[in-house]
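Next come the chains, spelled out residue by residue.
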Amino acid sequence: MAIYLMAVGMILLCSLCLSFVLLKWNELKYRKKGLPPGTMGWPVFGETTEFLRQGPNFMKNQRARYGSFFKSHILGCPTVVSMDPEINRYILMNEAKGIVPGYPQSMLDILGRCNIAAVHGSTHRYMRGALLSLVSPTMIKNQLLPKIDRFMRDHLCNWGGSVIDIQEKTKEASPDYEMALLSSLNQTIGFLSGSMRDSLKSEFFKLVLGTLSLPIDLPGTNYKQGLQARKNVVSILRKLMNERKASIDTDNRNDMLSYLTRSEENRQKLTDEEIIDLIITILYSGYETVSTTSMMAVKYLHDHPKALRILREEHMEIKGRKRPDDPIEWNHLKLMRFTRAVIYETSRLATIVNGVLRKTTHDIEINGFVIPRGWRIYVYTREMNYNSYMYPDPLAFNPWRWLDKKADLANNNMMFGGGSRLCPGKELGIAEISTFLHYFVTRYRWEEIGGDKLMKFPRVEAPHGLHIRVESSP
């Protein structure tokens, strides 16, 4: 027995010594003159586990120890984290000065090397130009909004008299309810046969999970499944592109894919690979933000009856201006001032996007520290959303703050990016959510049941769903 205890003790002691050596080795590996303070964690994995598990608390603890500008090793890369609003603004506005997009390897591999979030310089300019031509106000008004209206009108039918999971209805991978994805597919690719649509949906959800994983290329990992899902999605999109090109003289569809494959309209002359990556990026970006913001808007409006009452009055007035079967049009969107404020406040309080990653192209000095070439900079914008100077009583749901033009919050916040990286699909997303809210609040009343738990990091989601009892409005 004594020998057994001694053996166990030796194993524990060796494990502790090995852990200490590994931690110390990683700290020494990244100990360079001029770096900001911080810790680097374990070799290879760094502090990724703590970052994903603790989320905002990890950031707050590190800031308490090292200040608002510190080093770490997360998502497979040595990284400097910035939680300082002024430094964040500087980084986002100065891409040409040695700072470029620096998204994790898993996201680059799965979304594609030509996705607009990854490219920079002249490539970014013409890719962004192509995307802006697809989501311009004219395109939203004439092409996209009619599709959004038809989809939302049909999608929100027959919800009365039932208990629904609003997360499932707006986001998750159930057979019939992926509102955000189906709406995006309708705009980007148009009508698909049932089998092809189901196949694309199934692969797309694997693709999304793969982008949020460590790049470990082993069977069964989310990353490996995400890579395979990308291959399958690319195969489907390439088949659709070839069909569109073969019938280019008779193809009168007005979805984004047809627009890009018609050479006279594709002014940027994108390659097939660039078109495919652009379509994947549009689907990926719209899916997460539109679905989550829609779900959280329903949650916040339920919890704040005054805001719901004013929002409903705004939409009932718009409804009274048109005939029952008339669609939501561009001029109606312009009347939705309070709706827009609700969407902004939901985005701020729920913090759907926690931050953005950048990478240094050479050694660069920021805030008195030298960031080595190839390091990531995590511009952590989450805390800016709770800045009491910009947003008095920051934890309160207060859409009215966005109606105060003196505050000019809409122009100074970083929720939608900044500089040349300002989200090009912002107005399209707002149009989708506004149309969803119009049909939801004018058709139904609802109440929450079950007290479902919400998680806000690394994704905003309700692990067990967000269940509401819905009744048709009188």
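For the chain, an unreviewed UniProt entry supplies the name brassinosteroid 6-oxygenase and the organism Trapa incisa. Within the UniProt record for the chain, the comment given under Subcellular location (unreviewed entry) is "Membrane". The UniProt entry for the chain carries this comment under Cofactor (unreviewed entry): "heme".

Colleague: It is not clear to me how the overall build of the chain should be interpreted in this structure. Could you clarify?
Modeller: When helices and strands are counted, the chain shows 18 helices and 10 strands. Here the chain holds 474 residues, and the buried ones make up 52% of them. Here the analysis covers contacts within the chain between residues at least 6 apart in sequence; of these, 70% occur between residues at least 24 apart. Put simply, the chain shows about 22,200 Å² of open surface, and 56% of that area lies on carbon and sulfur atoms.

Colleague: Help me understand empty space enclosed by the protein, please; the structure alone is not making it clear to me.
Modeller: Sizing a probe to match a water molecule and rolling it over the atoms shows the empty space that remains. Counted under the stated rule, the structure contains one cavity of 30 Å³ or more. Of the volumes computed, that of the largest cavity is approximately 40 Å³. Residue lining of the largest cavity: I74, L75, C77, T79, G102, Y103, P104, L357 and R376, and that is the complete set. For the lining of the largest cavity, the per-class residue count stands at six nonpolar, two polar and one charged.

Colleague: I would appreciate a short explanation of the pattern of salt bridges in the present structure.
Modeller: Pairs can form between side chains of opposite charge whenever their charged atoms are close. Taken as a whole and judged by the stated rule, the model has 19 salt bridges. In this structure, D109 engages R113 in a salt bridge whose closest nitrogen and oxygen atoms are separated by 3.1 Å. Classification of D109 by relative accessible area gives buried; the value is 18%. Among the residues examined, R113 registers a relative accessible area of 53% and is labelled exposed. Overlapping salt bridges, with partners in common, bring together K299, D303 and E448 in one network.

Colleague: It is not clear to me how the UniProt feature "binding site: heme" (unreviewed entry) in the chain should be interpreted in this structure. Could you clarify?
Modeller: According to UniProt, the positions carrying the feature "binding site: heme" (unreviewed entry) are C423. Examined against the element boundaries, C423 turns out to sit in the loop between helix 17 (409-412) and helix 18 (426-443).

Colleague: Would you take a moment to explain the sheet that holds strand 9 (residues 444-448) for this structure?
Modeller: Note on sheets: strands pair through backbone hydrogen bonds, and any given pair is parallel or antiparallel. Taken in spatial order, the three strands make up an open sheet running 4-10-9, and their pairing is antiparallel. One side of each edge strand has no neighbouring strand; the edge strands of this open sheet are strand 4 (162-165) and strand 9. Between one strand and the next, the sheet's axes are offset by a mean angle of 35°, whatever the strand orientation. Alignment of strand 4 against strand 10 (residues 467-472), held across four bridges, turns out to be antiparallel.

Colleague: Whenever I open this one, the packing of aromatic side chains confuses me. Can you help?
Modeller: Per the stated rule, a full pass over the model turns up 14 aromatic pairs. Between Y344 and W402, the ring centres sit 5.0 Å apart and the planes meet at 45°, which makes this aromatic pair tilted. Residue Y344 is found in helix 16 (residues 337-350), and its partner W402 is found in the loop between strand 8 (376-380) and helix 17; the two are separated by 58 residues along the sequence. Its relative accessible area of 4% is what places Y344 among the buried residues.

Colleague: Could you clarify how one ought to interpret helix 10 (residues 194-211) in this entry?
Modeller: Note on helix geometry: an α-helix contains 3.6 residues per turn, so any two residues three or four positions apart are oriented the same way. Between its terminal C-alpha atoms helix 10 stretches 26 Å, which fits the 26 Å expected from 18 residues at 1.5 Å a residue. Here the buried face of helix 10 lies against helix 5 (105-111), helix 9 (179-188), helix 11 (222-246) and helix 13 (272-303).

Colleague: I tried to follow unusual backbone geometry on my own but got confused; where do I start?
Modeller: Note on backbone geometry: most residues besides glycine have negative phi, and most peptide bonds are trans. Phi at N158 takes a positive value of approximately 60°, unusual for a residue other than glycine. Its place among the elements puts N158 in the loop between helix 7 (137-155) and strand 4. Owing to a relative accessible area of 75%, N158 belongs among the exposed residues under this scheme. In this structure, D393 is a non-glycine residue whose phi angle is positive, near 50°. Judged by its relative accessible area of 54%, D393 falls in the exposed class.

Colleague: I keep staring at the sheet that holds strand 3 (residues 99-101) and nothing clicks. Help me out?
Modeller: With mixed pairing, the five strands of this open sheet are ordered in space as 1-2-8-5-3. For this open sheet the edge positions go to strand 1 (69-74) and strand 3, each flanked by a neighbour on one side alone. Each adjacent strand pair in this sheet contributes to an overall mean axis angle of 35°, direction not counted. Looking at chain direction, strand 5 (residues 355-360) and strand 8 are connected through five bridges and run antiparallel. Across the sheet, K359 pairs through a bridge with R376, a residue of strand 8. On the sheet, helix 3 (residues 56-66) packs against strand 1, strand 2 (77-82) and strand 8 and is oriented at approximately 135° with respect to strand 1. The strands that helix 4 (residues 85-93) touches are strand 1, strand 2, strand 3, strand 5 and strand 8; relative to strand 8, the one it contacts most, it runs at about 125°.

Calculation criteria
Numbering of residues begins from 1 in every chain and follows the order in which that chain's sequence is written. Reporting of local features is limited, given that this is a predicted model, to residues whose pLDDT is at least 70; pairs of side-chain atoms are given and counted only at 80 or more, and all residues count toward the totals for whole chains, interfaces and linings. Each side-chain value is derived from all of the structure's non-hydrogen atoms; neither hydrogens nor water enter the calculation. UniProt positions are given in the numbering used here, feature names are shortened, and annotations may be inferred rather than shown by experiment. Secondary structure elements are defined from DSSP: runs of H or I of at least 4 residues count as helices, runs of E of at least 2 residues count as strands, and each element is numbered from the N terminus. Residue exposure (1.4 Å probe, protein chains only): buried if accessible area is under 20% of the type maximum, exposed if over 50%, otherwise partly exposed. Here a residue-residue contact requires only that any non-hydrogen atoms of the pair lie within 4.5 Å. Areas reported as accessible are Shrake-Rupley estimates using a 1.4 Å probe. Residue values count occlusion only from the protein chains shown. Put plainly, a pocket is an open set of points on a 1 Å grid over the protein atoms alone with protein on both sides within 12 Å along at least five of seven lines, a cavity is a set where a 1.4 Å probe fits but cannot get out, and a lining residue has an atom within 4 Å of a point. Grid points are joined across faces, edges and corners, and a volume is the space filled by probe spheres set on the points. Gly is placed with the polar residues, together with every amino acid not listed as nonpolar (Ala, Val, Leu, Ile, Met, Phe, Trp, Tyr, Cys and Pro) or charged (Asp, Glu, Lys and Arg). For salt bridges, the criterion is a side-chain nitrogen of Lys or Arg within 4 Å of an Asp or Glu carboxyl oxygen. Pairing between strands is defined by DSSP: at least two bridges between the two strands are required. A fitted line through C-alpha atoms serves as each axis, taken over the contacting stretch for helices, and the angle formed by two N-to-C directions is quoted from 0 to 180°. Paired rings are identified among Phe, Tyr and Trp, the last through its six-membered ring, by centres lying within 6.5 Å, and are further divided according to the angle between planes into stacked (under 30 degrees), edge-to-face (over 60) and tilted (the rest). The length a helix should cover is 1.5 Å for every residue beyond the first.

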